[in-house]
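Residue-level listing of the chains:
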Amino acid sequence: MKNFLLVTILFHYCLSFSQISETKQVYNGCKFLEKPNYIINKNSVYFEKCAIHRKVPANVSSFKTVGEGLAYDDKNIFFNGMKLDITPNKPSIIHNQYRMNSTVYWKNNNFLYKNTLKINKIDTSSYQHISYSNYSKDKDGIYYLGKTIKEADTETFVSESPYGFDKNFVYYKNKKIRKNGFLKSINGYFFKDSTTVYKRKDSYSEKLVPILNLKTENCKSILGTKYAIINDTLYYLNRKTKITNLNLEKVKVLDEELITYENTLFYKGVSTQKLEVNSLKIHKGDSRYRKTVFDKNGVYNIRVTSHNNEFLIENIYALPKPLRHLSPLLENTTQISFSEEDVLKNNYSIDKKTLFTSNGITDFNNLEVVSVLKGYRPGCSQDHNPGSNYYILKNKKGYWELKLSAENVLKFIGETYEF
């Protein structure tokens, strides 16, 4: 009886949330979009990231975005909307290290940069990030997060973060830990040399512990991933799956954490059969906590819960039509771009100009988007209303709020607006 009452109370509690207006703030405290976002108008550029909103002193006609907050015009480079007074020469992202605050490594001319800090001179023609690691290299050296590793051999160096290997040594991050007796990584948790299989002692130690009852020939890598076959069983790092006697020819690698096998999708070693794997593709550039994938039926956010290793498929959308720029709706009088995250939402396009004119916007020549805010609904499983994004518009009269969701709403919010 007590359980029945508890379930009833929770049902009504969740149901009540569906009647609450959503807040324009996501769960982690970000007021704006979580990813770096440049908003490009006819005469101005704005930058937003989480709690940052700033106007960018850029030349709009030559302004181009690179990604991860990096952009440039004909005279300067910008990082997170700040002008760096660096003459651009095809700046490009090398590596984005996800932490509480992302650290972006990028190159321009003959220099490597860590966010806004110039850290060393490199050979840009040969410089490259080594996949799935924090290592990079050029013709002259090996680097770990921009720091040079002395004596590392550029010809034979390979990596499985946080380890690196060359013909002479094994490295843990940027220091030597042992001479190399043909040791190589199997999947970043298991390793082997010519005679012995090893495993990492723990996530925070460089020590490798031998596993005496494993034969090296029974331990195989799945290239480009953190998956391996250990004694005929599929592993993700040290996480054992239920798949045995796997046929490697049937494995499709999407990235280091995401693979498909037959009709099953694996993410961090946890599996689901709810998606159509034959048409499944990954959307690049997602957070370290979840990924966005799409199959022939739709677009999905996926993640694995930490407490019980459950595979969750969130925010299942019908296959969307791309969100169109507002410019065609405004008779091409302004040029506005949106982040890729918005493109993957439901079809929020506004098909009729009357939404603007009926709510008081008649001056389209001076209309621009100055901010994008993320809507967040605090409900639970009974709240089936879609989330929304809010676009703050500006013209000579003042500021307007445009809500794009199942219902599109435009309203005037005043002559001034506090970001």
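Preceding this section is the structure that the text describes.
This write-up is about the structure you can find in this document. Everything quoted here is computed from the prediction, not taken from an experiment. (Residues numbered from 1 in each chain as written. Predicted model: local features only at pLDDT ≥ 70, side-chain atom pairs only at ≥ 80, totals over all residues. Heavy atoms only, no water.)

Moving on, we come to the sheet that holds strand 39 (residues 409-414). Pairing is antiparallel in the open sheet, where four strands are placed in the order 36-37-38-39. The sheet is open, and its two edges are formed by strand 36 (368-374) and strand 39, each paired on a single side. Across the sheet, the mean angle from the axis of one strand to that of its neighbour is 25 degrees, orientation sign disregarded. Pairing of strand 37 (residues 389-394) with strand 38 (residues 399-404), which is carried by six bridges, proceeds in the antiparallel orientation. (Pairing = 2+ DSSP bridges. Helix = DSSP H or I, 4+ residues; strand = E, 2+ residues; numbered from the N terminus. Axes fitted to C-alpha atoms, helices over the stretch in contact; angles between N-to-C directions.)

The next point concerns the packing of aromatic side chains. The full count for this structure, using the stated rule, is 20 aromatic pairs. Measuring from ring centre to ring centre gives 4.8 Å for tyrosine 38 and phenylalanine 47, while their planes differ by 55 degrees; the resulting arrangement is tilted. Judged by its relative accessible area of 0%, phenylalanine 47 is buried. Clustering of aromatic rings is evident, with ring pairs tying together Tyr135, Tyr144, Phe157, Phe169 and Tyr171. A cation over a ring is seen here: lysine 176 above phenylalanine 169, with NZ or CZ 4.3 Å from the ring centre. (Phe/Tyr/Trp six-rings, centres within 6.5 Å; stacked < 30°, edge-to-face > 60°. Buried < 20%, exposed > 50% of the residue type's maximum accessible area, 1.4 Å probe, protein only. Lys NZ or Arg CZ within 6 Å of the ring centre and 35° of its normal.)

Among the six residues of strand 9 (residues 103-108), six are classified as buried, and the element is accordingly described as predominantly covered. Of the two faces of strand 9, the one carrying Thr103, Tyr105 and Lys107 and the one carrying Val104, Trp106 and Asn108 are both buried. Relative to strand 9, strand 8 (residues 92-97) runs antiparallel, the two sharing five bridges. Looking at the pairing, isoleucine 93 lines up with tryptophan 106 of strand 9. Note: strand 9 against strand 10 (residues 111-114), four bridges, orientation antiparallel. Paired with tryptophan 106 across the two strands is tyrosine 113, which belongs to strand 10. With antiparallel pairing between neighbouring strands as the criterion, strand 9 and strand 10 make up a hairpin whose turn holds two residues, including asparagine 109 at a positive phi of roughly 50 degrees.

Counting 22 residues, the largest nonpolar core has Phe356, Ile361, Leu393, Leu402 and Leu410 as its most contacted members. Listed by contribution, the elements that provide at least two residues to this core are helix 3 (354-357), strand 36, strand 37 and strand 38. Every residue in contact with isoleucine 361, bar those within four places of it in the chain, is listed here: Phe356, Leu367, Leu393, Asn395, Trp400 and Leu410. Counting 16 residues, the second largest nonpolar core, distinct from the first, contains Tyr143, Leu145, Ala152 and Tyr171. (Core = buried A, V, L, I, M, F, W, Y, C linked by side-chain atoms within 4.5 Å. Contact = heavy atoms within 4.5 Å.)

Using the criterion set out here, one finds seven salt bridges in the structure. Measuring nitrogen to oxygen at the nearest pair gives 3.2 Å for the salt bridge that ties lysine 176 to glutamate 151. Placement of the pair is lysine 176 in strand 19 (residues 175-179) and glutamate 151 in the loop between strand 15 (147-148) and strand 16 (158-160), with a sequence separation of 25 residues. Overall, lysine 176 belongs to the partly exposed group, its relative accessible area being 37%. The class of glutamate 151 is exposed, set by a relative accessible area of 60%. Residue glutamate 401 pairs with lysine 411 through a salt bridge whose shortest N-O separation is 3.8 Å. Residue glutamate 401 is located in strand 38, and its partner lysine 411 is located in strand 39; the two are separated by 10 residues in the primary sequence. Since its relative accessible area comes to 43%, lysine 411 is described here as partly exposed. A cluster of three or more residues bridged by salt bridges with shared partners is formed by Asp255, Glu257 and Lys291. (Salt bridge = Lys/Arg side-chain N within 4 Å of Asp/Glu carboxyl O.)

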